[in-house]
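Tertiary structure, described
Each chain is listed here by its residues.
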Amino acid sequence: MIYLQLLWSFIKVGFLGFGGGMAIISLIQSEVLSHGWMTETEFVDIVAISQMTPGPIGINCATYVGYTATGSVWGSLLASIAIIIPSLLIMLTICRIYDHIRDKWKDNHTFKTIMRVIRLLVVILIAHAAISLMTPASFIDRNSWIIFILTLLAMLSPMAYKDITKWQGQETRPVIKKVTEIISHPILLIILAGAVGYLLY
Amino acid sequence: MPDVRLIFQLFWTYLKIGTFTLGGGYAMLPLIQHEVVDKRHWIEEEEFLNMIALAQAAPGLIAVNSAIFIGHRIAGWKGVIATILGAALPSIVIILLIAIYFQQFKNLPTIEAIFKGIRPAVVALIAAAVIRMARKI
């Protein structure tokens, strides 16, 4: 019975969860509390762990709730699969429509303009997300800002290299290009930042 | 007919994305951008933005929605299965381990110190993705 409830709850969450991660967490919260699967404090802990561990927050949270509610690995697998099912149905439909429209209207001026406006909105949205993450909890001291700036510079170095070579009109230093490609790897930068945190704090 | 190697590449790419992104959603974008646009050239920068717009508009998790988009584009439904498995597997394994064995995980000072270093870097990664994308509008 509890498995059916889990399945249904997380399918609902998957269907209604517009706006990604944090929006989904609040939906999961109301499901969890209304079924009495865990206490509010337990849920807050789970959200913290879901944020601290890698992977999409919604999947992390679903896995954890599924395990805690049933005490079994099957419960967590069920909850994780349930939250993905609606995405799968809706996103595949959207992909089909998008592919169709794109092939047909590739050179249509209005279509290109609409997509341009949408892209602009997306960039603004993500910029807003980045700014809203600049909280005192993440930026605790001057070192945080140094880590932030160095990471940003490393990430943008390949772009800067490209601009400089374009400006000079020739590829001058292939070694530097290689270096910028290596240091701009996000996984490497996250591991480095973790190591720096370990040494500093 | 997509070959086995391509399916495995899709799985492996999203496994990496699922393993190394902290904070979910937007924090995944720079890594997806790096793997899918720069490294594999599966889609171009401009289409990357279209993909995010679609992934954002649909309900569900942005990371999972983008996994579905890429999997579908590159190798059809087999690709979708590969990317979803890749994106979700690390989460499920890590969370299960924590749920079963390490309830005190979040209170370990070492872990906390590592995260103090990682948090500002994650913000920088997202900011860099914004700057790159802003140039392609």
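One can find the structure itself at the top, above this paragraph.
Computed from a predicted structure; not experimentally measured. (Residues numbered from 1 in each chain as written. Chains lettered and ligands numbered in written order. Predicted model: local features only at pLDDT ≥ 70, side-chain atom pairs only at ≥ 80, totals over all residues.)

With that settled, consider the overall build of chain B. Secondary structure summary: chain B contains five helices and zero strands in total. Start at the N end of chain B and walk to the C end: the helices and strands fall as α-α-α-α-α. Expected size for 137 residues packed as a compact globule is a radius of gyration near 14 Å; at 16 Å, chain B falls within 12% of this value. Once the C-alpha set of chain B is aligned to its principal axes, its extents read approximately 45 × 35 × 25 Å. Across the 137 residues that make up chain B, the buried fraction comes to 60%. Taking the contacts inside chain B whose residues are at least 6 apart along the sequence as the reference set, 57% of them involve residues at least 24 apart. (Helix = DSSP H or I, 4+ residues; strand = E, 2+ residues; numbered from the N terminus. Rg over C-alpha atoms; globule rule 2.2 N^0.38 Å. Buried ≥ 20, exposed ≤ 12 C-beta atoms within 10 Å, placed from the backbone. Contact = placed C-beta atoms within 7 Å.)

Moving on to the interface of chain A and chain B. Between chain A and chain B, the residue contacts involve 75 residues of the former and 67 residues of the latter. If you list the elements that add at least two residues to the side of chain A that touches chain B, you get helix 1 (2-16), helix 2 (21-35), helix 3 (40-52), helix 4 (57-70), helix 5 (73-105), helix 6 (109-132), helix 7 (142-168) and helix 9 (186-200) of chain A. Here the side of chain A that touches chain B gets 14 residues from one element, more than from any other, and that element is helix 5 of chain A.

The next thing to look at is the packing of helix 5 of chain A against helix 4 (residues 62-101) of chain B. At a minimum axis distance of 11 Å, the contact between helix 5 of chain A and helix 4 of chain B shows a crossing angle of 160°. On the basis of the axis angle, helix 5 of chain A is roughly antiparallel to helix 4 of chain B. As for how helix 5 of chain A packs across helix 4 of chain B, the hand of that crossing is right-handed. Contacts between helix 5 of chain A and helix 4 of chain B involve Val-73, Ser-76, Leu-77, Ser-80, Ile-84, Ser-87, Leu-88, Met-91, Leu-92 and Cys-95 of chain A from the first element and Val-64, Asn-65, Ile-68, Phe-69, His-72, Ile-84, Ala-88, Ile-92 and Leu-96 of chain B from the second. (Axes fitted to C-alpha atoms, helices over the stretch in contact; angles between N-to-C directions. Parallel < 35°, antiparallel > 145°, perpendicular 65-115°, else oblique. Left-handed = near helix turned anticlockwise from the far one by under 90°.)

Moving on: unusual backbone geometry. Of note in the backbone geometry, His-41 of chain B takes a positive phi value of approximately 55° without being a glycine. Looking at the element boundaries, His-41 of chain B is found in the loop between helix 2 (29-39) and helix 3 (45-57).

In terms of nonpolar packing, the biggest core is built from 98 residues, with Val-65 and Ile-126 of chain A together with Ile-68, Ala-121, Ala-124, Leu-125 and Ile-126 of chain B touching the most fellow members. The element best represented in this core is helix 4 of chain B, accounting for 18 residues. The residues touching Leu-125 of chain B, leaving out its near neighbours within four places in the chain, are Thr-151, Met-155, Pro-186 and Leu-189 of chain A together with Ala-27 and Pro-30 of chain B. (Core = buried A, V, L, I, M, F, W, Y, C linked by C-beta atoms within 7 Å.)

Here we come to the packing of helix 1 of chain A against helix 5 of chain A. All names here are of chain A. Axis separation between helix 1 and helix 5 bottoms out at 7 Å; the angle between their running directions is 35°. Judged by the sense of rotation from one axis to the other, the crossing of helix 1 with helix 5 is right-handed. Only Gly-75, Leu-78, Ala-79, Ala-82, Ile-83, Ile-84, Ile-85, Pro-86 and Ser-87 of helix 5 make contact with helix 1, whose side of the interface consists of Tyr-3, Leu-6, Leu-7, Phe-10, Ile-11, Val-13, Gly-14 and Phe-15. Each residue belonging to the contact of helix 1 with helix 5 can be placed in one class, and the counts come to 14 nonpolar, three polar and no charged. (Nonpolar A, V, L, I, M, F, W, Y, C, P; charged D, E, K, R; others polar.)

Attention shifts here to helix 9 of chain A. Each α-helix turn comprises 3.6 residues. Residues three or four places apart therefore point the same way. Its 15 residues place the ends of helix 9 of chain A 21 Å apart at the C-alpha level, agreeing with the 21 Å of an ideal helix rising 1.5 Å per residue. Pro-186, Leu-189, Ile-190, Ala-193, Val-196 and Gly-197 of chain A are the residues of helix 9 of chain A that are buried. What you see down the axis of helix 9 of chain A is that its buried residues fit within an arc of 125°, all on one side. Those residues of helix 9 of chain A that are buried are in contact with helix 7 of chain A together with helix 1 (4-20), helix 2 and helix 5 (109-134) of chain B. (Expected span 1.5 Å × (residues − 1). Arc of directions from axis to C-beta.)

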